[in-house]
Amino acid sequence: MGPRWFVGFDSLMESVAFIIAVAIAYEAFKGYRLTKQRTLLYVHFSFAMLSAGLLIDSLAGFLGILARALKGFVAFTLVGYTIYFLAQVLAYIILVFAYVSQTRTLSTTSVSLSLVPLFGFVVLQTAPVPTIRLLGPLIEYHPVSEIVLLFLVFYITVQTGLNYSASREANAFLVFLGFLLIALSHLAFVLIPFSAMLFVIGHVLQLLGFVSLLSMLLRVTRTK
Amino acid sequence: MMRKLPKYRSQMRIYVDIMRVIQRENNRAKPTRILYGANLSHDRLLKYLEELKTLGVIEETDGAERLYNLTQKGIEFLNEFIRIEKFAGAFGFVI
């Protein structure tokens, strides 16, 4: 999918993102244990799910390299992508649910959200990609799956953006920036059929998104 | 639209509000200061102060006037709560 020189770097970046996701899941669980607030439990489950997906996808990537070196064909990357995709869908649905249950309204974002499927339709009409292929229970990379993720992360980005505009706090900005970068990474993944370099850009943006979330976590944990 | 505050404060929120008033008063707060600071009725204040004493996060000082202060456990709990509140707030969630 990406350039040959980038093989392995994507798994390395996902390994770093995995550690950050675990740290956020742990902090959210600590918060839940102290306050018994359900929203923190949702954040915990969401990031725990993300971290599991990232771990499996990065391990599958490394195993895929090994399998290729041993001249044996093992669909590790395909298994990894399928699990990571499903984990991300579940993780972001949990976060979306947390926001919907807290704000109890979709009105301000529903209009902007409706633009995402429209954008997806335009991409699918113009991109030189075959129709989606399901290999048994496995999903091969396809812009449609990335559009689903983009749709979910875009909603979370809007919510965190609204939170930042209301609070004007640095921590809220870092969370907003984190999800914005992750949303942009999915946008890059959607557009891979146009350029293989977007695979690299997508992974870099995803890592930067998680680093932004880590910055927030470090700022919060240093609070006296 | 975001940070829609709940209609009623949770028990945890009331505990923290009381403890914050005590902390604000240099860890020596009179019941009347807590009553106004935490926005509670007299009966509810007495109930919550008893509960917090049972939890070991505040204590009543002996002396001419009744004063309340945070215990070490109380200070640690409050600091941890503030951290968690900032963490949840960064995502836009209100504790």
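If you're wondering where the values come from, they're calculated on a predicted model, not measured in any experiment.

Student: Help me understand the overall build of chain A, please; the structure alone is not making it clear to me.
Tutor: A count of helical and extended segments in chain A gives eight helices and two strands. Across chain A, helices and strands are ordered from the amino to the carboxyl terminus as α-α-α-α-α-β-β-α-α-α. Relative to its full complement of 224 residues, chain A shows a buried share of 50%. Contacts in chain A between residues far apart in sequence, at least 24 positions, make up 73% of those at least 6 positions apart.

Student: Looking at this model, I keep getting lost on the pairing of strand β1 (residues 58-61) of chain B. Mind explaining?
Tutor: Taken residue by residue, a regular strand's side chains alternate between the two faces of the sheet. Residues and elements named next belong to chain B. When β1 meets strand β2 (residues 67-70), the two strands line up antiparallel, connected through four bridges. In the sheet register, Glu59 faces β2, and the bridge partner there is Asn69. Connecting the antiparallel pair β1 and β2 is a turn made up of five residues.

Student: So what exactly am I meant to see when it comes to unusual backbone geometry here?
Tutor: Among all residues save glycine, negative phi is the norm, and among peptide bonds the norm is trans. All names here are of chain B. Despite not being glycine, Asn27 has its phi angle at roughly 60°, a positive value. Among the secondary structure elements, Asn27 is positioned in the loop between α1 (11-24) and α2 (31-37). Residue Asn27 is classed as partly exposed on the basis of its 16 C-beta neighbours within 10 Å. Phi angles above zero are rare outside glycine, and Asn39 is one such case at about 55°. Looking at the element boundaries, Asn39 is found in the loop between α2 and α3 (42-55).

Student: Help me out: how do you make sense of the packing of helix α7 (residues 170-190) of chain A against helix α8 (residues 197-221) of chain A in this one?
Tutor: The axes of two packed helices give the description: the angle between them and the distance between them. Residues and elements named next belong to chain A. Running from amino to carboxyl end, α7 crosses α8 at an angle of 165°, the nearest separation of the two axes being 8 Å. Relative to α8, the element α7 is oriented roughly antiparallel. Considering how the two elements wind past one another, α7 and α8 form a crossing that is left-handed. Looking at the contact of α7 with α8 residue by residue, the class counts come to 18 nonpolar, eight polar and one charged.

Student: It is not clear to me how helix α6 (residues 143-167) of chain A should be interpreted in this structure. Could you clarify?
Tutor: Along an α-helix, residues three or four apart share an orientation, since each turn contains 3.6 residues. Residues and elements named next belong to chain A. Taking 1.5 Å of rise per residue, 25 residues should cover 36 Å, and α6 covers 35 Å from first to last C-alpha, within 8% of that figure. The buried count for α6 comes to 20 of 25 residues, which makes it a mostly enclosed element. Two residues or fewer past α6, Arg168 is found with a positive phi of approximately 55°.

Student: Just checking my understanding: could you explain the environment of Leu174 of chain A for this structure?
Tutor: Here Leu174 of chain A lies in helix α7. Put simply, Leu174 of chain A and Leu59 of chain A are 115 residues apart on the chain and 28 Å apart in space, counted from C-alpha to C-alpha. Every residue in contact with Leu174 of chain A, bar those within four places of it in the chain, is listed here: Ser212, Leu213, Ser215 and Met216 of chain A together with Ala90 of chain B.

Student: What's the story with α3 of chain B in this structure? I'm lost.
Tutor: The first and last C-alpha atoms of α3 of chain B sit 20 Å apart over 14 residues, in line with the 20 Å expected at 1.5 Å per residue. After α3 of chain B finishes, the residue Gly56 of chain B shows a positive phi value of roughly 80°.

Student: Can you walk me through the nonpolar core in this structure?
Tutor: General note: in soluble globular proteins, nonpolar side chains tend to be found buried as a group. All names here are of chain A. With 93 residues, the main nonpolar core has Ala21, Leu150, Val153, Val175 and Ala183 as its most contacted residues. Ranked by residues supplied to this core, first place goes to α7 with 16 residues. Beyond its immediate chain neighbours, meaning those up to four positions away, Val153 contacts Tyr92, Phe179, Ile182, Ala183 and His186.

Student: How should the confidence of the model for chain B be read in this particular structure?
Tutor: Interpreting fine coordinate detail is not advised for predicted regions of low pLDDT. Residue-level pLDDT values for chain B average 89, and 92% of them are 70 or greater. Here the predicted complex scores 0.85 on pTM and 0.84 on ipTM.

Student: Explain the packing of α8 of chain A against helix α4 (residues 72-91) of chain B to me, please; I cannot follow it from the model alone.
Tutor: Contact geometry of α8 of chain A with α4 of chain B gives a least axis separation of 9 Å together with a crossing angle of 155°. Considered as vectors, α8 of chain A and α4 of chain B are oriented roughly antiparallel to each other. Between α8 of chain A and α4 of chain B the crossing geometry is right-handed. Note on element contacts: α4 of chain B touches α8 of chain A through Arg83, Lys86, Phe87 and Ala90 of chain B, opposite Met216, Val220 and Thr221 of chain A. Partitioning the contact of α8 of chain A with α4 of chain B into residue classes produces four nonpolar, one polar and two charged.

Thresholds, definitions, all that
Residues numbered from 1 in each chain as written. Chains lettered and ligands numbered in written order. Predicted model: local features only at pLDDT ≥ 70, side-chain atom pairs only at ≥ 80, totals over all residues. Helix = DSSP H or I, 4+ residues; strand = E, 2+ residues; numbered from the N terminus. Buried ≥ 20, exposed ≤ 12 C-beta atoms within 10 Å, placed from the backbone. Contact = placed C-beta atoms within 7 Å. Pairing = 2+ DSSP bridges. Axes fitted to C-alpha atoms, helices over the stretch in contact; angles between N-to-C directions. Parallel < 35°, antiparallel > 145°, perpendicular 65-115°, else oblique. Left-handed = near helix turned anticlockwise from the far one by under 90°. Nonpolar A, V, L, I, M, F, W, Y, C, P; charged D, E, K, R; others polar. Expected span 1.5 Å × (residues − 1). Core = buried A, V, L, I, M, F, W, Y, C linked by C-beta atoms within 7 Å. pLDDT = per-residue confidence, 0-100.

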